[in-house]
Amino acid sequence: MDKVIDESIQGNSLELQNKKENKRKLYIESYGCAMNFSDSEIVASILTKEGFNTTQNLEEADLVLVNTCSIREKAELTVRKRLEKFNSVKKHRPHMKVGVLGCMAERLKSQLLEEEKIVDMVVGPDAYKDLPNLIKEVDAGRDAVNVVLSKEETYGDIAPIRLQTNGVSALVSITRGCDNMCTFCVVPFTRGRERSRDPQSILEEVNDLAQKGYKEITLLGQNVDSYLWYGGGLKKDFEKASDMQKATAVDFSQLLASVAESQPKMRIRFSTSNPQDMTLDVIHTMAKYDNICNHIHLPVQSGSDRILKKMNRLHTIAEYHTLIDSIRKIIPNCAISQDIISGFPTETEEDHQDTLTTLKYVKYNFGYMYLYSERPGTMAERKLEDDVPHEIKQKRLAEIIALQRTHCALRTKEHVGHTEEVLIEGSSKKSDAHWMGRNQQNTVVVFPKENYKIGEFVNVKIEDCTSATLLGNATGYSTN
Ligand code: SAH
Ligand code: F3S
């Protein structure tokens, strides 16, 4: 299952459990990464307390919010197209207000108000708690902007309202922002400095999800492996504040272990890992707890040392391969997936061949592959010319995708003949008589429904497969 993620098809409107006393209608659409979808749940939680109910019908909205992505130019163009659509609705609903949230809001700030006349409100990713005030401004007929980035805000104290949920899987954010400064990436500018959320509030959210019947959580961060919480402990027990911080710090591996231990019946996933920050501790923790899923998303971006250096990725390709070897040794059946960028400035045919070599070395289970898109304000935009012709970027991307496709088929086939634990997520898209779920490695499994239900863990004997989907029959409940 090679997935070329395209934000233009990721947009999604959301509806939540509505309150009778709420009178105004909110229509909220999200684009881009999982963090944006998770943030929209925080926004929904804030706005239900402000008298809003959600609707999936744009035509009846009083407030339209679009949570945006800036990662590639195409993602921004998609949002601009949506704003045109909102404009046409506004013609017969003049009181309808439109707000832009997320990375585009942060990147373009009040410039958006000038460029897009339809927009009344611009709110950056760290300013959602200010939404009640901003909406008051907009109600009074004034434009409202808050794009202040914070060094502390983690929204740890807000219980997200689960939108668009299947009641089985939920997203839990653990860090915000990123300090890595990969030269192609706009995220450090739009989401600000990296900060980690209090582990206690993470555990409370996970326990609450378990109580509500959720069976799987994904711990989210731009760079989860750099999770680090300093805190806790009593000062009087330590000579210096720094001693206390060291003694009571929680890193990602420890967080992962305590989440896995606190809910042994829940599946735990996490995303995303930057290879330069991933430690062997994390891999050992994954091996130790059966409920941490055997899948690591480990973006490589390029197989060329020269390009990795220009991207400010702080590892060599040999180090990356060694990390892959360690994962395979410690967790032999671990699925590994990638992100790759084709056509970064100065990329030569030789660099591209190095990327294909890494693909062949790892034989990833899945991949997300992109054309390089120059982003204003990034180091790459300022210092390097976007000099790989579009046709060459495309030709290389096509080769990368074609090779990934063969590896995907190969990896899918490896499951045939095995009996694997599957968490049921819903009906198969193609057949109402079949369930769809995933195994630990995140591969989709389809099997006859019989008497099983959504949210149950079932053992499935895998009998056949397509290139990306496993087909089988349930043999009973999983007792793990
Ligand atoms: N650490 C993040 C990465 C965010 S961006 C995470 O948690 O997912 C996701 C992917 O988008 C990156 O791994 C990279 O492959 C791709 N990407 C980022 N900036 C890009 C750009 N300017 N052009 C093309 N692809 C880009
Ligand atoms: Fe972007 Fe690199 Fe951080 S890809 S999100 S700057 S790890």
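Here is a short report on the structure shown in this document. (Residues numbered from 1 in each chain as written. Chains lettered and ligands numbered in written order. Predicted model: local features only at pLDDT ≥ 70, side-chain atom pairs only at ≥ 80, totals over all residues. Heavy atoms only, no water.)

Considerations on the overall build of the chain
Item 1. Helix and strand counts for the chain come out as 15 helices and 22 strands.
Item 2. The C-alpha atoms of the chain give 23 Å as radius of gyration, which agrees with the globular expectation for 480 residues (23 Å, within 12%).
Item 3. Among the 480 residues that make up the chain, the fraction classed as buried is 58%.
Item 4. Of the contacts made within the chain by residues no fewer than 6 positions apart, 72% connect residues no fewer than 24 positions apart.
Item 5. For the chain, the distance from the average site of its 63 positive side-chain charges to the average site of its 69 negative ones is 2 Å. (Helix = DSSP H or I, 4+ residues; strand = E, 2+ residues; numbered from the N terminus. Rg over C-alpha atoms; globule rule 2.2 N^0.38 Å. Buried < 20%, exposed > 50% of the residue type's maximum accessible area, 1.4 Å probe, protein only. Contact = heavy atoms within 4.5 Å. Lys, Arg positive; Asp, Glu negative; His and termini not counted. Charge placed at Lys NZ, Arg CZ, Asp CG, Glu CD.)

Comments concerning the packing of helix α10 (residues 280-288) against helix α12 (residues 317-330)
Item 1. Contact pair α10 / α12: the axes reach a minimum separation of 10 Å and the direction vectors enclose 20 degrees. Regarding the angle of α10 to α12, the classification is roughly parallel. Crossing of α10 over α12 shows right-handed handedness. Side by side, α10 and α12 meet where L280, I283, H284 and A287 of the first sit next to L323, S326, I327 and I330 of the second.
Item 2. Of the residues in the contact of α10 with α12, the class split is 6 nonpolar, 2 polar and no charged. (Axes fitted to C-alpha atoms, helices over the stretch in contact; angles between N-to-C directions. Parallel < 35°, antiparallel > 145°, perpendicular 65-115°, else oblique. Left-handed = near helix turned anticlockwise from the far one by under 90°. Nonpolar A, V, L, I, M, F, W, Y, C, P; charged D, E, K, R; others polar.)

Focus on the site of ligand 1
Item 1. If you check the shell around ligand 1, you find 14 residues, and the closest are Q222, T272, Q301, D339 and S373.
Item 2. Starting from 540 Å² of accessible surface for ligand 1 in isolation, the protein chains cover 86%.
Item 3. Taken together, the elements giving at least two residues each to the shell around ligand 1 come down to β16 (335-342) and β17 (366-371).
Item 4. Of the residues in the shell around ligand 1, the class split is 6 nonpolar, 5 polar and 3 charged. (Near = heavy atom within 4 Å. Areas by Shrake-Rupley, 256 points an atom, 1.4 Å probe, with all protein chains shown as cover.)

Observations regarding the packing of aromatic side chains
Item 1. Taken as a whole and assessed by the stated rule, the structure comprises 5 aromatic pairs.
Item 2. Taking 5.3 Å as the distance between ring centres and 70 degrees as the angle between the ring planes, the aromatic pair formed by F344 and Y372 counts as edge-to-face. A residue pair is termed long-range when its members are at least 10 positions apart, and F344 in the loop between β16 and α13 (349-362) and Y372 in the loop between β17 and α14 (379-383) qualify at 28 residues. Of the two residues examined, F344 and Y372, each falls in the buried class.
Item 3. Sitting above the plane of the Y370 ring, R72 keeps its charged end 3.7 Å from the centroid.
Item 4. Lying across the ring of W435, K449 places its NZ or CZ 4.4 Å from the centre. (Phe/Tyr/Trp six-rings, centres within 6.5 Å; stacked < 30°, edge-to-face > 60°. Lys NZ or Arg CZ within 6 Å of the ring centre and 35° of its normal.)

Section: the pattern of salt bridges
Item 1. Scanning all chains against the criterion turns up 31 salt bridges.
Item 2. Taking the shortest distance from any N to any O, the salt bridge between D126 and R195 comes out at 3.1 Å. Here R195 lies in strand β10 (residues 195-196) and D126 lies in the loop between β6 (121-123) and α5 (131-139), a separation of 69 residues in the sequence. Exposure class is identical for D126 and R195. Each is buried.
Item 3. Residues joined by salt bridges that share partners form a network here, namely D39, D126, R176, R191 and R195. (Salt bridge = Lys/Arg side-chain N within 4 Å of Asp/Glu carboxyl O.)

Topic: unusual backbone geometry
Item 1. Following S271, the chain continues to T272 via a peptide bond in cis, the omega torsion being 5 degrees.
Item 2. Within the secondary structure, T272 is located in the loop between β14 (267-271) and α10.
Item 3. With a phi close to 55 degrees, Y155 is a non-glycine residue in the positive phi region.
Item 4. With respect to the helices and strands, Y155 occurs in the loop between β7 (144-146) and β8 (169-173).
Item 5. Even without a glycine there, the phi angle at N312 is positive, about 60 degrees.
Item 6. One can find N312 in the loop between α11 (305-310) and α12.
Item 7. With relative accessibility at 25%, the residue N312 sits in the partly exposed group.

So, the nonpolar core
Item 1. Judged by nonpolar contacts, the single largest core of 50 residues is most densely connected at L219, F252 and F270.
Item 2. If one sorts the elements of this core by residue count, helix α9 (residues 252-262) sits on top with 6 residues.
Item 3. Every residue in contact with F252, bar those within four places of it in the chain, is listed here: I174, L219, V224, D225, Y227, F270 and V282.
Item 4. Grouped together as the second largest cluster of nonpolar side chains are 22 residues, Y27, V100, V122 and V147 included. (Core = buried A, V, L, I, M, F, W, Y, C linked by side-chain atoms within 4.5 Å.)

Re the pairing of β17
Item 1. Taking burial as the measure, the 6 residues of β17 include 5 buried ones, the bulk of the element.
Item 2. As paired elements, β16 and β17 share 6 bridges and run parallel to each other. Looking at the pairing, S342 lines up with L371 of β17.
Item 3. Crossover connection from β16 via α13 to parallel β17: handedness right-handed. (Pairing = 2+ DSSP bridges. Right-handed = clockwise from strand over helix to strand, strands pointing away.)

Examining the sheet that holds strand β19 (residues 434-438)
Item 1. Sheet architecture is closed into a barrel: 5 strands sit in the order β18-β19-β20-β22-β21, paired in mixed fashion. Pairwise comparison of adjacent strand axes, ignoring direction, gives a mean angle of 55 degrees for this sheet.
Item 2. With 7 bridges joining them, strand β21 (residues 457-465) and strand β22 (residues 469-477) adopt antiparallel strand pairing. Opposite V458, over in β22, you have Y477 as the bridge partner.

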